[in-house]
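What follows is the residue order along each chain.
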Amino acid sequence: MTPRNFLFTSESVTEGHPDKVCDQISDAILDEFLMKDRGSRVAAETTVTTGMALVCGEITADCYVDIPKVVRDTIKNIGYSGANTGGFDADTCAVLTSIDEQSTDIGNGVNKAFETRESNAATSSTETENIGAGDQGIMFGYACNETPELMPLPISLAHKLSYRLAQVRKQGLVNYLRPDGKSQVTVEYVDGKPARIHTILLSTQHNPSINGETDNQKVQDIIKHDLKKLVIDQVFANEEIQPDDRTIILINPSGRFVIGGPQGDSGLTGRKIIVDTYGGYSRHGGGAFSGKDPTKVDRSAAYAARYVAKNIVAAGLAEKCEIELAYAIGVAEPVSIMVDTFGTGKISDDEISSLVSKNFDLRPASIIKSFDLRNLPAKNGGKFYQLLAAYGHMGRVDIDVPWEHTDKADTLKSQVVSCGCSCI
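In this report, we go over the structure that sits alongside the text. Throughout this document, residue positions are counted from 1 along each chain, in the order its sequence is written. At least 70 in pLDDT is required for a residue's local features to be given in this predicted model, at least 80 for side-chain atom pairs to be given and counted, and no such filter applies to totals for whole chains, interfaces and linings, which use all residues. By convention in this description, side-chain values take in all heavy atoms of the structure and omit both hydrogens and water.

**Here's the deal with the packing of helix α5 (residues 153–170) against helix α6 (residues 216–236)**
Packed helix pairs are characterised by how far apart their axes lie and by the angle those axes make with each other. Direction vectors running N to C along α5 and α6 enclose 135°, while the axes themselves pass 9 Å from each other. As far as their axial angle goes, α6 and α5 are oblique. Relative to α6, the crossing made by α5 is right-handed. For the pair formed by α5 and α6, the contact residues are L157, K160, L161, R164, L165 and V168 on the first element and L227, L230, V231, I232, Q234, V235 and F236 on the second. Only the contacting stretch of a helix is used when fitting its axis, a line to C-alpha atoms as for every element, and angles between N-to-C directions run 0 to 180 degrees. Where helices and strands are cited, they refer to DSSP runs of H or I of at least four residues and of E of at least two residues respectively, numbered from the N terminus. Throughout this description, any angle smaller than 35 degrees is read as roughly parallel, any larger than 145 degrees as roughly antiparallel, any in the 65 to 115 degree range as roughly perpendicular, and the remainder as oblique. Each crossing gets its hand from how the near helix is turned against the far one by less than a right angle, where anticlockwise is left-handed and clockwise is right-handed. Here, residues are in contact when the closest pair of their heavy atoms is within 4.5 Å.

**Details of the pattern of salt bridges**
For salt bridges, the criterion is a side-chain nitrogen of Lys or Arg within 4 Å of an Asp or Glu carboxyl oxygen. Counted by the stated rule, this structure contains 24 salt bridges. We note a salt bridge from K69 to D73, for which the minimum N-O separation is 2.7 Å. You can see K69 and its partner D73 sitting in helix α2 (residues 67–78), four residues apart, about one turn around the helix. Only protein chains enter the accessibility calculation, which uses a 1.4 Å probe; a residue whose area is less than 20% of its type maximum is buried, one above 50% is exposed, and one in between is partly exposed. Note on K69: relative accessible area 48%, which makes it partly exposed. Judged by its relative accessible area of 31%, D73 is partly exposed. A salt bridge links K228 to D233; the nearest nitrogen and oxygen atoms lie 2.7 Å apart. Among the residues examined, K228 registers a relative accessible area of 31% and is labelled partly exposed.

**Topic: unusual backbone geometry**
Positive phi, normally seen in glycine, also occurs at F342, with a value near 55°. Along the chain, F342 turns up in the loop between β11 (336–340) and α10 (349–359). The class for F342 is partly exposed, based on a relative accessible area of 21%.

**Quick word on the side chain of D276**
Tracing the sequence through the fold places D276 in helix α8 (residues 273–276). Using a relative accessible area of 2% as the deciding quantity, one classes D276 as buried. Leaving out residues up to four positions away in the same chain, D276 has contacts with K20, D23, F289, G392, H393 and M394.

Shown next as structure tokens:
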């Protein structure tokens, strides 16, 4: 592939964005069910709008969870509580629920294997790990060497900006920010490599006045000054590529952002899947993550695909790598595995694909077991999946995420070397 010059842009949103509010509620519900019954089957969807949150979906579990309490606690922790919340308050919003059990038709391919395992202690590991996928679908995983966490630079920077914006609000460094916010970063690539920061965009919800100042132009001037100093400068302080005198910086370009959150726009679980993954730099299978228990391959197999791709790049087998997995409902083995290194592979994609088949067990039950996906909430004080529901499921360095480990990299490298290849 011939390197080329281009601009690439990725966005992120804060935890107060209405779609992210929904993702966090759905995953908080999942965390709570897995804490009480690690075999819970959860597919929780949330929508929010002015003064209301609705949770619907299919849940089968041997426990009780006070869903309205989980919803209110999550909204409150995000910051929609008390004064200046902009028409959405954890204590006063209506919370509606419409929950059914998981379809027996959908769950049948999974249920039989679990029943066999639980009723027969002598069942072989091979038999228990042949649990079928909970649905059909395609999932993509990606990694590249543009950042230490092996993520594309635009989405990495966008997440850092959104996260820092939320921290400035939560730490009280300024007193006028509200929970909703967005970031966007455009990176200029030269010969296929990140070369400079082209544009930085920050939009933040805010109070209509700041310290008694009500003139909107003056309010925006204060916001621009503060966010440049407290967010942008802080995020880029340790970055290898710095903004330069040609970098375009846009802060609240709409001119005013007082009405926001669920009052300004309704939210829905799963509507920020590109923010959740690679910022558009890699393909996406279309399945959302939040609110789904690990038997849903939309979630667990996407994590596994990231793990495979990251270990391939960490091993030095390629500068960038994309993995596609495909599953059929009720069938354990993936129906296809695709490797694409975009011409950056040190060995052929076919050879890398053989290494993947040899070293990674991509059956759903094996993914659940190797990542311990059912027990992660209990291992993290009752909150794990909810933490992933804002600022990305991939490339996280603030929490210990098993699919971000590169423990297979040395094995992959040694197997290539043992074959007599000297290119690694």
